[in-house]
Amino acid sequence: MSQFLSIVTFLGVPLMALTGIGCLLFGRGENRKRLLWAAAVLVWALTLWIGGDFVLKQFGLAWRSGTVCALCVVLLADGLIGLFLTLSCFLPMERPGVPSGLWYALKGVAVFFSVAILVVVLWFGPFGLMFIFGNTERVVELQGETLLEVDDGFMDPHYSYYVYHGPLVRGRELVGESWGD
């Protein structure tokens, strides 16, 4: 199973990304326009997450887990939409100069990797989100200071405390920690 995940991750995702770029460059019709919108949402979400993290780091801040989880859900959903739009753009395409047997084989490989990516994302995506972002956060008042308490323990409670800066961001530096009750 882990070999299947590795193949899908390291071959399928880049292959389908290149196929999507090819559809954006050479495709025609309404699906190409929709794929362009999906690509714009993908770039927006990645820029907000990674670029925002870089900017927040300069001010000693970090994204809260709910914000990152929302961005991950957007990326997963947009990736699935982009996958379907890529297939709907790529499969009807014809490439002059490419032998038809080779072209149909390439389409078969694209369908195989699309189905594999779909299975992996639908199976592991929700579980990954649940385990990665399943920690609970709550705003607490300790000694007159408003802090964000994050339960980041796995089996036993472990609480990390950060300075509260609002619903989207928190302080980056760990202020304190405690174990269990």
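Here, every reference points to the structure presented above.
Conventions adopted
Residues numbered from 1 in each chain as written. Predicted model: local features only at pLDDT ≥ 70, side-chain atom pairs only at ≥ 80, totals over all residues. Heavy atoms only, no water. Helix = DSSP H or I, 4+ residues; strand = E, 2+ residues; numbered from the N terminus. Buried < 20%, exposed > 50% of the residue type's maximum accessible area, 1.4 Å probe, protein only. Pairing = 2+ DSSP bridges. Axes fitted to C-alpha atoms, helices over the stretch in contact; angles between N-to-C directions. Polar contact = N/O pair within 3.5 Å; in protein donor to acceptor, adjacent residues only side chain to side chain. Phe/Tyr/Trp six-rings, centres within 6.5 Å; stacked < 30°, edge-to-face > 60°. Lys NZ or Arg CZ within 6 Å of the ring centre and 35° of its normal. Salt bridge = Lys/Arg side-chain N within 4 Å of Asp/Glu carboxyl O. Expected span 1.5 Å × (residues − 1). Bend = angle between axes of the 7 residues up to and from the residue. Contact = heavy atoms within 4.5 Å. Core = buried A, V, L, I, M, F, W, Y, C linked by side-chain atoms within 4.5 Å.

Draft legend 1. Quick peek at the overall build of the protein chain. Assigned secondary structure in the protein chain consists of four helices and six strands. For the protein chain, the α and β elements follow one another from N to C terminus as α-α-β-α-α-β-β-β-β-β. By principal-axis analysis of the C-alpha atoms, the protein chain measures approximately 75 × 35 × 20 Å. Expressed as a percentage of the 181 residues in the protein chain, the buried residues total 33%.

Draft legend 2. Focus on the sheet that holds strand 2 (residues 136-142). Strand order across the open sheet formed by four strands is 2-3-4-6, with antiparallel pairing between neighbours. In this open sheet, the two strands that pair with only one neighbour each are strand 2 and strand 6 (176-179). For this sheet the average axis-to-axis angle between neighbouring strands, irrespective of direction, equals 30°. Looking at chain direction, strand 4 (residues 158-163) and strand 6 are connected through four bridges and run antiparallel. Its bridge partner lying in strand 6, Ser 160 is registered against Glu 177.

Draft legend 3. Representation of the pairing of strand 2 in the model. With seven bridges connecting them, strand 2 and strand 3 (residues 145-151) associate as antiparallel partners. Note that in strand 3 the partner of Leu 142 across the bridge is Glu 145. Connecting the antiparallel pair strand 2 and strand 3 is a turn made up of two residues, with Gln 143 showing a positive phi of about 50°.

Draft legend 4. Representation of the environment of Thr 86 within the structure. Relative to the helices and strands, Thr 86 resides in helix 3 (residues 65-90). Distance in space between the C-alpha atoms of Thr 86 and Thr 19 is 7.0 Å, their sequence separation being 67 residues. Separated by 2.7 Å, the side chain of Thr 86 and the backbone oxygen of Gly 82 make a polar contact.

Draft legend 5. Geometry of the packing of aromatic side chains. Tallied over the full model, the rule gives three aromatic pairs. Plain terms: the ring middles of Phe 112 and Phe 113 are 5.2 Å apart, the flat faces sit at 65° to each other, and that makes the pair edge-to-face. Taking relative accessible area as the criterion, Phe 112 reaches 48% and is therefore assigned partly exposed. Aromatic side chains Trp 123 and Phe 124 sit 6.5 Å apart centroid to centroid with 85° between the ring planes, which places their arrangement in the edge-to-face category. Directly above the ring of Tyr 162 sits Arg 170, whose terminal nitrogen or CZ lies 3.9 Å from the centroid.

Draft legend 6. Structural view of the pattern of salt bridges. The tally for this structure, following the rule as stated, stands at four salt bridges. One salt bridge connects Arg 172 with Asp 53, and the closest N-O pair in it is separated by 3.0 Å. You can see Arg 172 sitting in the loop between strand 5 (169-171) and strand 6 and its partner Asp 53 sitting in helix 2 (residues 30-58), a full 119 residues away along the chain. Lys 107 is paired through a salt bridge with Glu 94; the nearest N and O atoms lie 3.6 Å apart. Here the residue Lys 107 occupies a position in helix 4 (residues 100-132), and Glu 94 occupies one in the loop between helix 3 and helix 4, the gap between them amounting to 13 residues.

Draft legend 7. Structural view of helix 2. Between the first and last C-alpha of helix 2 there are 42 Å, a value that for 29 residues agrees with the 42 Å anticipated at 1.5 Å per step. Taken as a whole, helix 2 carries its principal kink of about 25° at Gly 52. All of the buried residues along helix 2 are Leu 35, Ala 38, Ala 45, Gly 52 and Leu 56. On its buried face, helix 2 sits against helix 1 (2-26), strand 1 (61-63), helix 3 and strand 5. Immediately beyond the C-terminal end of helix 2, within one or two residues, lies Gly 60, with a positive phi of roughly 75°.

Draft legend 8. Spatial organisation of the nonpolar core. Counting 18 residues, the largest nonpolar core has Met 16, Cys 23 and Phe 90 as its most contacted members. Going through the elements one at a time, helix 1, helix 2, helix 3 and helix 4 are the ones with two or more residues in this core. Here this core takes six residues from helix 4, the largest share from any one element. Membership of the second largest hydrophobic core comes to eight residues, among which are Val 68, Leu 129, Phe 133 and Val 169.

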